[in-house]
Amino acid sequence: MRTSTPGRRIAAAATLVLLLTATTTAPALAATGRQDVQRALDVLTTQDGVPGAQVTAHDRTGPSWSVRSGVGDESTGLPFPEDGRFRAGSITKSFVATVVLQLVAEGRVELDAPVERYLPGVIAGNGNDGNVITVRQLLQHTSGLYDYLQEFLDVDPEQLRHRGADPAELVGIAMQHRPLFSPGAKWSYSNTNYVLAGMLVERVTGRSIHAEIAARITGPLGLHDTYLPKRGDEILPTPHPRGYAPVGELLDFTEFDPSIGGAAGALVSTGPDLNRFFAALLEGRLLPADQLAEMQRTVPADLGGKSARYGLGLASVPLSCGGEFWGHGGDIIGFTTLSAATTDGRGATAVANLNPATPEIHRDMFAAIDTALCP
């Protein structure tokens with residue numbers, strides 16, 4: 001989920017920005033790489049107006065390390081807390097897609113079945129038809145469904161702080177608009193897809209998407225600081241950095257009902273937890289080989305001109321030094337996050353406590369992580 005525009009306008013259209021990851025094995029090179037990451041993060045806090053930023057990373061064998069710049073709290077001047085919680089935005093989609101693919105592995109969902117089979121009558125009206133959109137197309141953003149967050153382009157963030165929303169309301173907003181294109185014809189990022197995916201999980205399992213993520217992912221992996229908040233849960237657990245929105249002066253937006261993002265963007269997590277999640281995913285500890293392969297079947301995606309491709313809740317982006325990484329990014333009012341992993345065991349997460357984020361912030365966060373991976 002992303003909300004961004006200058007002044008008090010909030011561009012609620014989602015944006016995906018991906019994270020580069022790496023460390024070096026030789027201690028001297030590792031120290032040099034971290035110094036380079038430090039300088040890259042300092043660009044965010046000295047030139048881009050970000051209060052604070054942090055990168056948490058690990059390589060194949062070494063311990064996790066982190067680099068911080070700026071402050072986690074403008075009022076006190078305190079830095080980002082180690083392993084602090086933050087709102088992870090659209091990284092939520094990787095968790096939801098994993099749950100759906102687990103249900104596929106169990107024979108309870110078919111990827112190429114129409115969504116109508118699982119959510120009868122939900123995708124309907126104004127040319128929208130659940131009979132012609134498949135589960136795969138939801139997860140891959142090729143459904144053509146309108147992104148409901150577009151409706152919040154001109155909303156003052158204070159009007160969103162306590163608003164919240166139920167999934168049916170969010171899908172209903174999307175159904176008021178005609179599809180952008182025929183299912184499967186193109187790729188277009190839409191948060192509506194993942195609100196529907198969360199509803200599908202709930203219909204198939206009889207349990208909430210919050211409970212399924214806990215039972216299937218965060219519990220088994222021991223991700224004790226990661227959860228999907230429910231409507232009305234506005235408090236970010238401590239320790240955490242403060243999250244800010246640039247609306248004239250910096251507006252403290254730490255307390256916020258994220259259910260307007262729901263299964264598309266409400267996740268709370270930490271850098272170490274996200275690194276463990278993506279490592280486990282790529283190592284095959286969350287999905288059988290067949291379902292992981294489906295997750296990594298990609299189509300071209302417009303992700304900031306980086307020759308990116310998008311699978312099922314997971315994107316691949318070329319590294320500047322060769323190879324690729326797999327991951328996801330997330331923007332939600334107050335926090336901008338990027339997380340990814342490589343197939344050889346490296347991983348990293350970057351977070352800044354400012355959102356809406358400018359293109360320069362996204363560019364320089366990407367550069368910081370590229371520096372970590374390709375010193």
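To start, this report covers the structure provided alongside it. (Residues numbered from 1 in each chain as written. Predicted model: local features only at pLDDT ≥ 70, side-chain atom pairs only at ≥ 80, totals over all residues. Heavy atoms only, no water.)

### Describing the pairing of strand β2 (residues 65–70)
Reasoning step 1: As defined by bridge partners, strand β1 (residues 52–58) adjoins β2 across six bridges and the pair is classed as antiparallel. Its bridge partner being in β2, Ala57 is matched across the sheet by Trp65.
Reasoning step 2: What sits between β1 and β2 in their antiparallel hairpin is a turn of six residues. (Pairing = 2+ DSSP bridges. Helix = DSSP H or I, 4+ residues; strand = E, 2+ residues; numbered from the N terminus.)

### So, the packing of aromatic side chains
Reasoning step 1: Following the criterion strictly, the structure yields five aromatic pairs and no others.
Reasoning step 2: A centroid spacing of 3.8 Å and a plane angle of 15° characterise the contact between Phe95 and Phe277, whose relative ring orientation is stacked. Of the two residues, Phe95 sits in helix α2 (residues 92–105) while Phe277 sits in helix α9 (residues 271–282), which places them 182 residues apart along the sequence. Of the two residues, Phe95 and Phe277, neither departs from the other in class, the shared state being buried.
Reasoning step 3: Their ring planes at 70° and their centres at 4.9 Å tell us that Phe277 and Phe278 sit as a pair that is edge-to-face. (Phe/Tyr/Trp six-rings, centres within 6.5 Å; stacked < 30°, edge-to-face > 60°. Buried < 20%, exposed > 50% of the residue type's maximum accessible area, 1.4 Å probe, protein only.)

### Considering the nonpolar core
Reasoning step 1: Core analysis: the biggest nonpolar cluster contains 92 residues, and Phe95, Tyr148, Phe277, Leu281 and Met295 have the highest contact counts within it.
Reasoning step 2: No other element matches α2, which puts eight residues into this core.
Reasoning step 3: The residues touching Leu281, leaving out its near neighbours within four places in the chain, are Thr98, Leu286, Leu287, Leu292, Met295 and Leu314.
Reasoning step 4: Leu44, Ile361, Met365 and Ala372 belong to the second-largest nonpolar core, a separate cluster that totals 22 residues. (Core = buried A, V, L, I, M, F, W, Y, C linked by side-chain atoms within 4.5 Å. Contact = heavy atoms within 4.5 Å.)

### Digging into the sheet that holds strand β11 (residues 315–318)
Reasoning step 1: Read across the sheet, eight strands follow the order β2-β1-β14-β13-β12-β11-β10-β9 without closing on themselves; strand pairing throughout is antiparallel. Two strands lie at the open edges of the sheet, namely β2 and β9 (299–300), each paired on one side alone.
Reasoning step 2: Sheet analysis places strand β10 (residues 309–310) next to β11, joined by two bridges and oriented antiparallel. By the bridge assignment, Tyr310 is partnered in β11 with Ala315.

### Observations concerning the packing of helix α6 (residues 191–205) against helix α7 (residues 209–221)
Reasoning step 1: For the pair α6 and α7, the least separation of the axes is 9 Å and the interaxial angle reads 80°. Considered as vectors, α6 and α7 are oriented roughly perpendicular to each other. Residues Gly198, Val201, Glu202 and Thr205 of α6 lie in contact with α7, whose contacting residues are Ile209, His210 and Glu212.
Reasoning step 2: Classifying every residue of the contact of α6 with α7 by side-chain character gives two nonpolar, three polar and two charged. (Axes fitted to C-alpha atoms, helices over the stretch in contact; angles between N-to-C directions. Parallel < 35°, antiparallel > 145°, perpendicular 65-115°, else oblique. Nonpolar A, V, L, I, M, F, W, Y, C, P; charged D, E, K, R; others polar.)

### Quick notes on the environment of Ser75
Reasoning step 1: You can see Ser75 is positioned in the loop between β2 and β3 (86–89).
Reasoning step 2: Separated by 209 residues in sequence, Ser75 and Gly284 place their C-alpha atoms 43 Å apart.
Reasoning step 3: In terms of polar contacts, Ser75 uses its side chain to reach the side chain of Asp73, at 2.6 Å. (Polar contact = N/O pair within 3.5 Å; in protein donor to acceptor, adjacent residues only side chain to side chain.)

### Looking at the environment of Ser143
Reasoning step 1: Summarising the element assignment, Ser143 is placed in the loop between α3 (135–140) and α4 (157–161).
Reasoning step 2: Residue classification places Ser143 among the buried residues on the basis of a relative accessible area of 1%.
Reasoning step 3: Each C-alpha atom of the pair Ser143 and Pro183 lies 4.5 Å from the other, and the pair is 40 residues apart in sequence.
Reasoning step 4: When near neighbours in sequence (up to four residues on either side) are disregarded, Ser143 contacts Ile133, Gln137, Leu138, Phe181, Pro183 and Asn193.
Reasoning step 5: One polar contact links Ser143 to Asn193, side chain to side chain, over a distance of 2.5 Å.

### Quick look at the packing of α2 against α6
Reasoning step 1: Look at α2 against α6: their axes get within 10 Å of each other, and the N-to-C directions meet at 40°. Regarding the angle of α2 to α6, the classification is oblique. In this structure, α2 crosses over α6, and the sense of that crossing is left-handed. The segment α2 lies against α6, with Lys93, Val96, Ala97, Val99, Val100 and Leu103 engaging Asn191, Tyr194, Ala197, Gly198, Val201, Val204 and Thr205.
Reasoning step 2: The class makeup of the residues in the contact of α2 with α6 is nine nonpolar, three polar and one charged. (Left-handed = near helix turned anticlockwise from the far one by under 90°.)

### Details of the pattern of salt bridges
Reasoning step 1: Across all of its chains, the model carries 20 salt bridges by this definition.
Reasoning step 2: Between Glu110 and Arg117 there is a salt bridge, and its shortest N-O distance comes to 3.3 Å.
Reasoning step 3: Take Arg117: its relative accessible area is 48%, and that puts it in the partly exposed class.
Reasoning step 4: For Glu169, the salt bridge is made with Arg163, and the minimal N-O distance between the two is 2.6 Å.
Reasoning step 5: The exposure class assigned to Glu169 is partly exposed, which follows from its relative accessible area of 33%. (Salt bridge = Lys/Arg side-chain N within 4 Å of Asp/Glu carboxyl O.)

### Structural notes on helix α11 (residues 359–373)
Reasoning step 1: The end-to-end C-alpha separation of α11 is 21 Å, in line with the 21 Å expected for 15 residues at 1.5 Å each.
Reasoning step 2: What α11 keeps buried is the set Ile361, His362, Asp364, Met365, Phe366, Ala368, Ile369, Asp370, Ala372 and Leu373. (Expected span 1.5 Å × (residues − 1).)

### Comments concerning unusual backbone geometry
Reasoning step 1: Of the consecutive residues Thr238 and Pro239, the connecting peptide bond is found in the cis state with omega at -5°.
Reasoning step 2: Looking at the secondary structure, you find Pro239 in the loop between α7 and β6 (244–247).
Reasoning step 3: A cis amide bond links Asn355 with the next residue in sequence, Pro356, at an omega value of 15°.
Reasoning step 4: A positive phi angle is found at Asp83, which is not glycine, with a value near 60°.
Reasoning step 5: Mapped onto the fold, Asp83 is located in the loop between β2 and β3.
Reasoning step 6: The phi dihedral of Asn126 falls on the positive side, at around 55°, and the residue is not glycine.

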